[in-house]
Amino acid sequence: MSVIHRTELKPTKLELLTGWLPSRPWYRGGAGAPELLKAGGFRLDDPEGEVGIEFMVVTDASAPDGPAGYLVPLTYRGAPLPDAGHALVGTLHHGVLGQRWVYDGCHDPVLTTQLLALVEGRVQAQAQSISDTLDHDVTRSFTGQDPAPAGFTTTAADDRDGTSVPTSYGASLRLHRVLQPGPEAPLPEGATGHVAGSWEAADGTRVRGVFAHLGPAGRQQ
């Protein structure tokens, strides 16, 4: 299970995201810098124990239409991921592990493979900030016939509301980057699975919504 080191990060994750988020097509903020707060999230384990996998939720008070919540999947690596310079969020120094390369996890096959495994119930969500602890707040469903073969045919594609990651067997993982509080059901038409969880809204209330779903390739609900 995930081991969380209590140590200093330079720069912090929020500092990295402050510079990176405005470059995303789904960013809702204005011309100024985001006003970010950590609002929740969870982790997944890398079976090889090499890559840190975190699904971070942040809120941004700078959005013109009111505070926005974003899902930011991140991977942390001890060396650059080949051919993934476009997905690099930045680098930071970890007080225990040294220099870490931080990537938009939608472009990292370790994260997307493990997210698909979570949807299908083959792995369990881990607590974001506590070592060796399951996160029972994160729920998932899968109505497909069999576990899908791992593999993703093309790179992740961002749009106004989220990110789609096509699989090698005709389905697509759809990550809800701009989070909307609401019920887990019904899912979009054709969806065969999902992941949901809770986060703290900008007003301090605890809300819940869908983080990602598995559905037909090309469908963007």
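This report concerns the structure included in the present document. (Residues numbered from 1 in each chain as written. Predicted model: local features only at pLDDT ≥ 70, side-chain atom pairs only at ≥ 80, totals over all residues. Heavy atoms only, no water.)

Within the protein one finds two helices and twelve strands. Secondary structure of the protein in N-to-C order comes out as β-α-β-β-β-β-β-α-β-β-β-β-β-β. Its C-alpha atoms give the protein principal-axis dimensions of roughly 45 × 40 × 35 Å. The buried share among the 221 residues of the protein stands at 50%. Restricting to contacts in the protein with at least 6 residues of sequence separation, those with at least 24 account for 59%. In the structure as shown, the protein presents an accessible area of about 10200 Å², 52% of it carried by carbon and sulfur atoms. (Helix = DSSP H or I, 4+ residues; strand = E, 2+ residues; numbered from the N terminus. Buried < 20%, exposed > 50% of the residue type's maximum accessible area, 1.4 Å probe, protein only. Contact = heavy atoms within 4.5 Å. Areas by Shrake-Rupley, 256 points an atom, 1.4 Å probe, with all protein chains shown as cover.)

All right, on to the packing of aromatic side chains then. In this structure the tally under the stated criterion is six aromatic pairs. Each member of the aromatic cluster is reached from another via a ring pair, and the members are W20, W26, Y27 and Y70. (Phe/Tyr/Trp six-rings, centres within 6.5 Å; stacked < 30°, edge-to-face > 60°.)

For the rest of this paragraph, the subject is the sheet that holds strand β12 (residues 206-216). Taken together, six strands build an open sheet; the order of strands is β7-β11-β12-β10-β9-β8 and the sheet is antiparallel. Two strands in the sheet have a free side with no partner beyond their single neighbour: β7 (139-142) and β8 (157-158). In terms of strand pairing, strand β9 (residues 162-166) meets strand β10 (residues 171-176) through five bridges, oriented antiparallel. Across the sheet, the residue bridging to S164 is R174, located in β10. (Pairing = 2+ DSSP bridges.)

Here the focus is the environment of Q180. Of note, Q180 is situated in the loop between β10 and β11 (193-200). Given the relative accessible area of 55%, Q180 is considered exposed. Here the alpha-carbon distance between Q180 and G29, two residues 151 residues apart in the chain, equals 16 Å. When residues no more than four places from it in sequence are discounted, the contact partners of Q180 are W199, R208 and G209.

Quick look at helix α2 (residues 109-119) now. In terms of burial, α2 is largely enclosed, as nine of its eleven residues are buried. Taken residue by residue, α2 has V110, L111, T112, Q114, L115, L116, A117, L118 and V119 as its buried positions. The residue sitting at the N-terminus of α2 and contributing the capping side-chain oxygen is D108; that oxygen lies 3.0 Å from the backbone nitrogen of V110. Positive phi shows up at G121, right after α2, with a value of about 85 degrees. (Polar contact = N/O pair within 3.5 Å; in protein donor to acceptor, adjacent residues only side chain to side chain.)

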